[in-house]
Amino acid sequence: MDDFLRNSPRWMIVGGSLALALVLLLIFNPPYSACDSQFEAFKNSQTPFLYLDPAKKFMTETEYQKASQICEERNLPGSCFQYFEGLRLMMRAIETVSFECQPTVLEKSEVKKTFFDSLVFIARLAWGVVPPQSYLDKTGWLDSVHLSTFCEIQSKLLEHIPGDEWAQAREQALQALPGAAQLDRKEAWNRSLFSLKCP
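Bear in mind the structure is a predicted one, so any value in this text is a computation, not a measurement. (Residues numbered from 1 in each chain as written. Predicted model: local features only at pLDDT ≥ 70, side-chain atom pairs only at ≥ 80, totals over all residues. Heavy atoms only, no water.)

Engineer: Which residues make up the packing of helix α4 (residues 63-74) against helix α5 (residues 81-95), and what are the values?
Structural biologist: One can describe the packing of α4 onto α5 by two numbers: an axis separation of 7 Å at closest approach and a directional angle of 140 degrees. Considering the angle they form, α4 stands oblique to α5. Handedness of the crossing formed by α4 with α5: left-handed. Here α4 contributes Tyr 64, Ala 67, Ser 68 and Cys 71 to the contact with α5, which in turn contributes Gln 82, Tyr 83 and Leu 87. Residue composition of the contact of α4 with α5, grouped by class: five nonpolar, two polar and no charged. (Axes fitted to C-alpha atoms, helices over the stretch in contact; angles between N-to-C directions. Helix = DSSP H or I, 4+ residues; strand = E, 2+ residues; numbered from the N terminus. Parallel < 35°, antiparallel > 145°, perpendicular 65-115°, else oblique. Left-handed = near helix turned anticlockwise from the far one by under 90°. Contact = heavy atoms within 4.5 Å. Nonpolar A, V, L, I, M, F, W, Y, C, P; charged D, E, K, R; others polar.)

Engineer: Describe the pattern of salt bridges, naming the residues involved and giving the relevant values.
Structural biologist: For side chains of opposite charge, pairing can occur when their charged atoms come near one another. Scanning all chains against the criterion turns up eleven salt bridges. Residue Glu 107 is joined to Lys 112 by a salt bridge in which the shortest nitrogen-to-oxygen separation is 3.5 Å. A residue is classified by how much of its surface remains accessible, and Glu 107, at 43% relative accessible area, is partly exposed. Overlapping salt bridges bring together Glu 95, Lys 156 and Glu 159 as one network. (Salt bridge = Lys/Arg side-chain N within 4 Å of Asp/Glu carboxyl O. Buried < 20%, exposed > 50% of the residue type's maximum accessible area, 1.4 Å probe, protein only.)

Engineer: I'd like a rundown of the packing of helix α7 (residues 109-127) against helix α9 (residues 163-176), residues and numbers included.
Structural biologist: Where α7 meets α9, the axes come as close as 10 Å, and the angle between the chain directions of the two elements is 40 degrees. Judged by the angle between their axes, α7 and α9 are oblique. Handedness of the crossing formed by α7 with α9: right-handed. Each of Lys 112, Phe 116, Leu 119 and Val 120 in α7 lies in contact with α9, whose residues at this interface are Glu 165, Trp 166, Ala 169 and Ala 173. Its residues assigned to classes, the contact of α7 with α9 comprises six nonpolar, no polar and two charged.

Engineer: Can you break down the state of the cysteines residue by residue, with the values?
Structural biologist: Put plainly, two cysteines are in a disulfide when a covalent bond ties their sulfur atoms together. The full count for this structure, using the stated rule, is three disulfides. Each sulfur in the disulfide pair Cys 35 and Cys 101 lies 2.1 Å from the other. The disulfide joining Cys 35 to Cys 101 has a torsion of about -80 degrees about its S-S bond and is therefore left-handed. Within this pair, whereas Cys 35 is found in helix α3 (residues 34-45), its partner Cys 101 is found in the loop between α5 and α6 (102-106), the two being separated by 66 residues in sequence. (Disulfide = S-S within 2.5 Å.)

Engineer: An account of α7 is needed here, citing residue identities and associated values.
Structural biologist: Here α7 spans 27 Å end to end across 19 residues, near enough to the 27 Å set by a 1.5 Å rise per residue. Burial runs high along α7: 14 of the 19 residues are buried. Looking at the residues trailing α7, positive phi occurs at Gly 128, about 85 degrees. (Expected span 1.5 Å × (residues − 1).)

Engineer: Go over the nonpolar core with me, naming the residues and quoting the values.
Structural biologist: Within the largest apolar cluster, 50 residues are counted, with the highest numbers of intra-cluster contacts made by Phe 42, Tyr 83, Phe 115 and Leu 193. Counting only elements with at least two residues in this core, the list comes to α3, α4, α5, α6, α7, α8 (144-160), α9 and α10 (185-191). No other element matches the eleven residues that α7 contributes to this core. In contact with Phe 42, not counting residues within four places along its chain, are Leu 50, Met 90, Ala 93, Ile 94, Val 97, Val 105 and Val 111. (Core = buried A, V, L, I, M, F, W, Y, C linked by side-chain atoms within 4.5 Å.)

Quick look at the structure:
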């Protein structure tokens, strides 16, 4: 290697160094794209729901985390209003992102996790602390607005995320529902919100 460097023309060494530096720069600091710009706008609109507000150092939880905790503790329409309202506004914000850039936004860890977690969470709310009596009770206390939010999130997820990724997460969530392990898998599926026929 030393011989190669000693015997190579100076212009080749300088040119090679500059090319390597450029490649490394592009790898570690890729150019800002239109999708990056749209993600920044989405992120700003979802602070503090999905993202902590950097200006408020005392905040340790996002609005999503707080709202889901209150909703889970009380499991009633009123206590879950902020949770579902936040999800509804999140979906409106997603729709302001161009279709080409939506996969970029959905692949961001906070967004993707929220999509997966919210679907599982809503299914748990509908299921309750014991299995529903039958498939007729699979929606629990959820009304058409809640179910529409569930379907909208699921539809957007399947539009841009590999279906098998969601199917695997959904199967794990189904088995983790209270009392589901004591039921036949098909029966548990039919009684769960995961089997809801979304439009």
